[in-house]
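Structural features, examined
Given next are the chains, with one letter for each unit.
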Amino acid sequence: QVQLVESGGGLVQPGGSLRLSCVASGSIFSINTEAWYRQAPGKQRELVARITSGGTTTYDDSVKGRFTISRDNAKNTVYLQMNSLNPEDTAVYYCSATITHISRSVANYWGRGTQVTVSS
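A few points on the structure. (Residues numbered from 1 in each chain as written. Predicted model: local features only at pLDDT ≥ 70, side-chain atom pairs only at ≥ 80, totals over all residues. Heavy atoms only, no water.)

**Some thoughts on the nonpolar core**
Ranked by internal contacts, the top residues of the largest apolar core, which has 28 residues, are W36, V48, F67, L80, M82, Y93 and I99. Looking at this core, the elements that each hand over two or more residues are β1 (2–7), β3 (18–26), β4 (28–39), β5 (46–51), β7 (67–72), β8 (77–82), β9 (91–101) and β11 (114–118). If you tally residues by element for this core, the top one is β9, at five residues. (Core = buried A, V, L, I, M, F, W, Y, C linked by side-chain atoms within 4.5 Å. Buried < 20%, exposed > 50% of the residue type's maximum accessible area, 1.4 Å probe, protein only. Helix = DSSP H or I, 4+ residues; strand = E, 2+ residues; numbered from the N terminus.)

Below, the structure written as structure tokens:
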């Protein structure tokens, strides 16, 4: 059994910052690519940022220069530092990870999401 649990969401004013965290737990052999997605009301879920096991990162154009994805392999944790937030960043943010189970099976897992609201 593998679980992803996000934290760090909340209400922030435009121009503010938040840091999201996602901890993976369970019968994990290794964590491969990790990513943050978001889904705003009435919109499809979209990729925000991705980081490989080697540390290579990619970002959606809408967050480049404002968001930073990072990971702490020792803690099985991936972070999303979000700066210069604007109302268009309001969404539920989901953590996703491709994880190799101790059985050596590989699957993609999702967290339940954390709400980020940017409003004055």
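**Comments concerning the side chain of T100**
Here T100 shows up in strand β9. Given a relative accessible area of 10%, T100 falls into the buried group. One polar contact links T100 to N32, side chain to side chain, over a distance of 3.3 Å. Residues in contact with T100, not counting those within four places in the same chain, are I28, F29, S30, N32, S105 and V106. (Polar contact = N/O pair within 3.5 Å; in protein donor to acceptor, adjacent residues only side chain to side chain. Contact = heavy atoms within 4.5 Å.)

**Side note on the state of the cysteines**
Taken as a whole and assessed by the stated rule, the structure comprises one disulfide. Between C22 and C95 runs a disulfide, and the two sulfur atoms are separated by 2.1 Å. Taking the torsion about the sulfur-sulfur bond, which here is approximately -80 degrees, the covalent link between C22 and C95 counts as left-handed. Here C22 is found in strand β3, whereas its partner C95 is found in strand β9, with 73 residues between them in sequence. Each member of the pair, C22 together with C95, is buried. (Disulfide = S-S within 2.5 Å.)

**As for the sheet that holds β1**
Strand order in the open sheet formed by four strands is β1-β3-β8-β7, and the pairing between neighbours is antiparallel. Across the chains shown, the open sheet's two edge strands, defined by having one partner strand only, are β1 and β7. Across this sheet, the average inter-strand angle for adjacent strands is 15 degrees, counted without regard to direction. Where β1 lies against β3, six bridges are found, and the strand directions are antiparallel. Paired with V5 across the strands is V23, a residue of β3. (Pairing = 2+ DSSP bridges. Axes fitted to C-alpha atoms, helices over the stretch in contact; angles between N-to-C directions.)

**What to know about the pattern of salt bridges**
This structure, assessed with the given rule, holds five salt bridges. Across the pair K64 and D61 runs a salt bridge whose closest N-O atoms are separated by 3.1 Å. Residue D89 pairs with R66 through a salt bridge whose shortest N-O separation is 2.8 Å. Within this pair, whereas D89 is found in the loop between β8 and β9, its partner R66 is found in the loop between β6 (57–59) and β7, the two being separated by 23 residues in sequence. Using a relative accessible area of 1% as the deciding quantity, one classes D89 as buried. Residue classification places R66 among the buried residues on the basis of a relative accessible area of 14%. Here the salt bridges share partners, and the residues they tie into one network are R38, E46, R66 and D89. (Salt bridge = Lys/Arg side-chain N within 4 Å of Asp/Glu carboxyl O.)

Read these as geometric descriptors, not functional statements.
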